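# Descriptive analysis of the structure
Each chain, letter by letter, is given below.
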Amino acid sequence: MSGTRPPAIHRVSTLDLTVETWAWPFAEARRADVDAHFAERQRERPQLWNGRVLLGRNPVFAGDRFSASYFETDFASFLAWRDWGFPDASVFNGFGMGALLCADGAFVLGEMGPHTANAGRIYFPSGTPDLDDIRDGAVDISGSVTRELEEETGLAPGEYDSEPDWYCIYTAPTVAMIRLLRVNMPGDALRERIECNLASQDQPELSAIHLVRGTRDLSSAMPRFVTAFIEAQFASRP
């Protein structure tokens with residue numbers, strides 16, 4: 001698959017993600033193909049919306065800092081680039097993930113609903129950043145995680161404690177920036193709470209909640225999550 005590489009894990013404390021004005025040559029050159037592809041995907045899943053998202057370029061890991069520049073594009077171009085196997089290796093999808101860790105050592109992950117572009121895939125709460133995540137000319141990944149977490153699970157700031165560092169899984173076409181979030185309740189109780197929140201929504205993003213047990217330490221669990229993450233990212237298009 002174009003642009004892929006064995007995953008690398010970097011632990012950093014600082015994210016330096018500036019936003020720039022840049023026209024994506026892939027999106028411009030393949031405009032007709034991108035539009036046709038999105039129309040096909042919309043026929044499969046009418047709820048898909050061609051909003052604006054932020055993708056990254058020029059990733060650099062140096063010491064405890066991850067730096068990159070981000071640019072704005074449409075979701076249709078991002079989706080085509082992803083579905084076609086990441087043909088432009090000069091860009092990446094860099095997003096935040098909230099690794100919910102419960103008091104009994106259970107990690108909480110969500111399964112994407114059948115109407116979404118990632119139907120059936122299982123992740124920590126996450127989402128590709130968009131224009132709402134820009135703060136003072138930079139991408140606020142911490143804020144993006146907070147927003148996605150509340151949208152997907154109902155958990156609000158103050159209901160969990162955030163670890164300071166980020167675990168970045170780098171595969172070339174993707175950078176998943178994962179932060180450990182500690183919740184002071186057992187896994188089964190949190191799953192039940194999230195399921196009640198999902199049941200109250202007309203069209204929730206998540207269709208199921210999964211618990212992963214066996215470790216209380218994200219660093220020791222990371223190889224398992226890397227494997228699951230890679231399988232989800234590079235699975236055949238649903």
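Up top you'll find the structure we're talking about.
Residues numbered from 1 in each chain as written. Predicted model: local features only at pLDDT ≥ 70, side-chain atom pairs only at ≥ 80, totals over all residues. Heavy atoms only, no water.

Moving on: the overall build of the protein chain. Assigned secondary structure in the protein chain consists of 6 helices and 14 strands. Scored against the burial criterion, the 238 residues of the protein chain give a buried share of 49%. Nonlocal contacts in the protein chain, meaning residues at least 24 apart in sequence, comprise 74% of its contacts between residues at least 6 apart. Put simply, the protein chain shows about 10500 Å² of open surface, and 49% of that area lies on carbon and sulfur atoms. (Helix = DSSP H or I, 4+ residues; strand = E, 2+ residues; numbered from the N terminus. Buried < 20%, exposed > 50% of the residue type's maximum accessible area, 1.4 Å probe, protein only. Contact = heavy atoms within 4.5 Å. Areas by Shrake-Rupley, 256 points an atom, 1.4 Å probe, with all protein chains shown as cover.)

The subject of this paragraph is the pattern of salt bridges. Pairing is possible between side chains of opposite charge, provided their charged atoms come close. What the rule picks out here adds up to 17 salt bridges. With a closest N to O distance of 3.9 Å, Asp16 and Arg65 form a salt bridge. Here Asp16, found in strand β2 (residues 14-19), pairs with Arg65, found in strand β4 (residues 65-74); they are 49 residues apart in sequence, far enough to count as distant. Accessibility expressed as a relative area gives 31% for Asp16, which makes it partly exposed. For Arg147, the salt bridge is made with Asp130, and the minimal N-O distance between the two is 3.5 Å. Taken together, the residues Arg147 in helix α4 (residues 141-153) and Asp130 in the loop between β8 (126-127) and β9 (134-135) connect sequence positions 17 residues apart. Since its relative accessible area comes to 18%, Asp130 is described here as buried. The network of salt bridges with shared partners includes Asp130, Asp133, Arg147, Glu148 and Glu151. (Salt bridge = Lys/Arg side-chain N within 4 Å of Asp/Glu carboxyl O.)

Here the focus is the environment of Phe75. Examined against the element boundaries, Phe75 turns out to sit in helix α3 (residues 75-83). With a relative accessible area of 16%, Phe75 lands in the buried category. Residues Phe75 and Val34, 41 residues apart in the sequence, show an inter-C-alpha distance of 10.0 Å.

For helix α2 (residues 31-44), built from 14 residues, the straight-helix expectation of 20 Å at 1.5 Å per residue is met to within 8% by its first-to-last C-alpha distance of 20 Å. Among the residues of α2, those classed as buried are Val34, His37, Phe38 and Arg41. Axial view of α2: buried residues confined to an arc of 100°, hence all on one face. Seen from the buried face of α2, the exposed residues on the opposite side, beyond 90 degrees, are Ala32 and Arg43. Considering only its buried residues, α2 is in contact with α3. (Expected span 1.5 Å × (residues − 1). Arc of directions from axis to C-beta.)

With that settled, consider unusual backbone geometry. Trans is the common state for peptide bonds, and a negative phi is the common state for residues other than glycine. Non-glycine residue Phe86 carries a positive phi angle of around 60°. Checked against the element boundaries, Phe86 lands in the loop between α3 and β5 (91-102). Relative accessible area serves as the criterion here: at 2%, Phe86 is assigned to the buried category. In the Ramachandran plot, Ala172 falls in the positive-phi region, its phi being about 85° despite a non-glycine side chain. Position of Ala172 among the secondary structure elements: in the loop between β12 (166-170) and β13 (174-183).

With that out of the way, let us pick up the packing of aromatic side chains. Across all of its chains, the model carries 14 aromatic pairs by this definition. Look at Phe61 and Phe66: their rings are 4.5 Å apart centre to centre, the planes differ by 15°, and that puts the pair in the stacked class. Residue classification places Phe61 among the partly exposed positions, given a relative accessible area of 22%. Ring centres of Phe61 and Tyr170 lie 5.7 Å apart, and the angle between their planes is 50°; this geometry places the pair in the tilted category. You can see Phe61 sitting in strand β3 (residues 52-62) and its partner Tyr170 sitting in strand β12, a full 109 residues away along the chain. Owing to a relative accessible area of 14%, Tyr170 belongs among the buried residues under this scheme. Clustering of aromatic rings is evident, with ring pairs tying together Trp22, Trp24, Phe26, Phe38, Phe71, Phe75, Phe78, Trp81, Trp84 and Phe86. Lying across the ring of Trp22, Arg57 places its NZ or CZ 3.9 Å from the centre. (Phe/Tyr/Trp six-rings, centres within 6.5 Å; stacked < 30°, edge-to-face > 60°. Lys NZ or Arg CZ within 6 Å of the ring centre and 35° of its normal.)

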